[in-house]
Amino acid sequence: MSTTKAPPSPEVLIPGLPNDVALNCLVRVPRWHHPVLAAVSKPMRSLLSSPHFFSLRSHLNSTQNILYVSITPEDYKQPHNFFAIHPKPVSNSTINDDWKSFLLLAPTPLFPRNLRNSSYAVLGSKIYLIGGSIDGVRSSDVWVLDCRFHTWDRSPSLGLRRESPQTVVLDGKIYVIGGETPSCRKIDGRWVPLLRGSRLAEVFDPVTGNWEVLHVPLVNETMNFYHITKCAVIRGRVCIFFLRRRRGLGFDPKTKKWEECEPFGGILGFDEEDGEWKEVQGLKEVLQGFEYAECATNVGGRLALLWNEKVKSGTGEVEKVMWCGEIEVEKRGENDLWAKVHWAGKLELNRGRHFKWKSVSL
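**Quick notes on the side chain of arginine 138**
So, point 1. Note on placement: arginine 138 falls in strand E7 (residues 137-138).
So, point 2. Taking the relative accessible area as the measure of exposure, arginine 138 reaches 14% and is therefore buried.
So, point 3. Reaching out from arginine 138, the side chain makes a polar contact with the side chain of glutamate 163 at a distance of 3.5 Å.

See the structure below:
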């Protein structure tokens, strides 16, 4: 007589439905409902914490672009706070005080270390927190927030300790440029790095897990980290812009060559018919209290903005109210690009000193 026990039956996800049918339904549930599903049963909670579940969402094109905002407290004594922002779809497109009720804010676990002045980059479902400083000591640490499970983990460190570097992502790699380094020296009240183009930038390949130095052919001998004003990806190139210099330098990963690139400013949209970048008009008309964007990020082809509205309190003092929203860009007439609001709302969060704004597909 055999004593072999039969394998345990798989746990039922939804009573009355085969598990494959139930799974096919659950992967299509919007991300903001997942906390409710996790509270339904242990099998469902286990499913929502499995990599297979998110792989299937991606395979069935059921992912959503989720916005994450990082807030650094005013006193820097607390770690970074990350919040996932879920705008619930509504039929009313008018911006008013009722919008705030349609924003669902989900806090993530606190960052395990008290880093300040770090930079951020997104690869896949992960947000990379890069460099920064702890108690005035610059860091080469790189941490990763896995937005599928809201867990923190370490990633290979930078080759050079950097504070407040610029970061961009192109072709699945992270480019880290500039930032204050241990080789900086304070001159006339400003931190001036002593290193030049040979250590100006680093590139991270998640496939190999390695950082590589990217040599930047600086435009003259005195140009250094301090002179970098901003970085961006424009037409498939990593572009670096410098202080008091109209044109920037653009790196093409395919040809491995640097070429001059045109400057940009404000919020621009690319007109495919004319093949030109143009300023997006109408932002102040359609976004309440908008003067300029604190930060912006791409969300599935739309642009997500974070801005402050200045309002007078009961005592007459001017206070700032934080707003966020997404816009689409549409062409009107032959030449003009205009902003069209997809959604917008107030963020009811404790005020902080610095904000970072990223989009992750989950």
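**Topic: helix H4 (residues 51-59)**
So, point 1. Among the residues of H4, those classed as buried are Phe53, Phe54, Leu56 and Arg57. Seen from one end, H4 has its buried residues packed into an arc of 155 degrees, which puts them on one side. Across from the buried face of H4, at angles greater than 90 degrees, the exposed residues are His52 and His59.
So, point 2. Buried residues along H4 sit in contact with helix H1 (19-26), helix H2 (34-38) and helix H3 (42-48).

**A short note on the sheet that holds strand E9 (residues 151-155)**
So, point 1. Here four strands make up an open sheet; going across it, the order is E4-E5-E8-E9 and the pairing antiparallel. Taken across any chain shown, the strands that pair with only one partner, and hence form the sheet edges, are strand E4 (119-123) and E9. When strand polarity is set aside, the average angle formed by the axes of neighbouring strands in this sheet is 25 degrees.
So, point 2. Where E4 lies against strand E5 (residues 126-130), five bridges are found, and the strand directions are antiparallel. Within the sheet, the bridge partner assigned to leucine 123 lies in E5 and is lysine 126.

**Thoughts on the confidence of the model for the protein**
In low-pLDDT segments, the atomic positions of the prediction should not be examined closely.
So, point 1. This prediction gives the protein a mean pLDDT of 79; 78% of its residues lie at or above 70.
So, point 2. In the model, residues 91-101 has pLDDT below 50 throughout and makes 17 contacts with residues more than four positions away in sequence or in other chains.

**Brief notes about the state of the cysteines**
So, point 1. Throughout the structure, instances matching the rule amount to zero disulfides.
So, point 2. Cysteine 239 provides the cysteine sulfur closest to cysteine 261, a residue in no disulfide bond, and the two sulfurs are 3.4 Å apart.
So, point 3. Judged by its relative accessible area of 3%, cysteine 261 falls in the buried class.

**Side note on the pairing of strand E17 (residues 237-242)**
So, point 1. By the criterion of burial, E17 is predominantly enclosed, with six of the six residues buried.
So, point 2. Burial along E17 is two-sided: Arg237, Cys239 and Phe241 and Val238, Ile240 and Phe242, pointing in opposite directions, are all buried.
So, point 3. When strand E16 (residues 228-234) meets E17, the two strands line up antiparallel, connected through six bridges. Across the sheet, residue cysteine 231 finds its bridge partner in E17, namely isoleucine 240.
So, point 4. Taken together, E16 and the strand that follows it, E17, pair antiparallel across an intervening segment of two residues, in which arginine 235 is found at a positive phi of about 50 degrees.
So, point 5. With three bridges connecting them, E17 and strand E18 (residues 248-252) associate as antiparallel partners. Across the sheet, residue cysteine 239 finds its bridge partner in E18, namely glycine 250.

**A look at the side chain of histidine 150**
So, point 1. By secondary structure assignment, the location of histidine 150 is in the loop between strand E8 (142-146) and E9.
So, point 2. At a separation of 2.8 Å, a polar atom in the side chain of histidine 150 contacts the side chain of tyrosine 68.
So, point 3. Setting aside residues no more than four positions away along its own chain, histidine 150 makes contact with Arg31, Tyr68, Thr108, Pro109 and Leu145.

Quick notes on the rules
- Residues numbered from 1 in each chain as written.
- Predicted model: local features only at pLDDT ≥ 70, side-chain atom pairs only at ≥ 80, totals over all residues.
- Heavy atoms only, no water.
- Helix = DSSP H or I, 4+ residues; strand = E, 2+ residues; numbered from the N terminus.
- Buried < 20%, exposed > 50% of the residue type's maximum accessible area, 1.4 Å probe, protein only.
- Polar contact = N/O pair within 3.5 Å; in protein donor to acceptor, adjacent residues only side chain to side chain.
- Arc of directions from axis to C-beta.
- Contact = heavy atoms within 4.5 Å.
- Pairing = 2+ DSSP bridges.
- Axes fitted to C-alpha atoms, helices over the stretch in contact; angles between N-to-C directions.
- pLDDT = per-residue confidence, 0-100.
- Disulfide = S-S within 2.5 Å.

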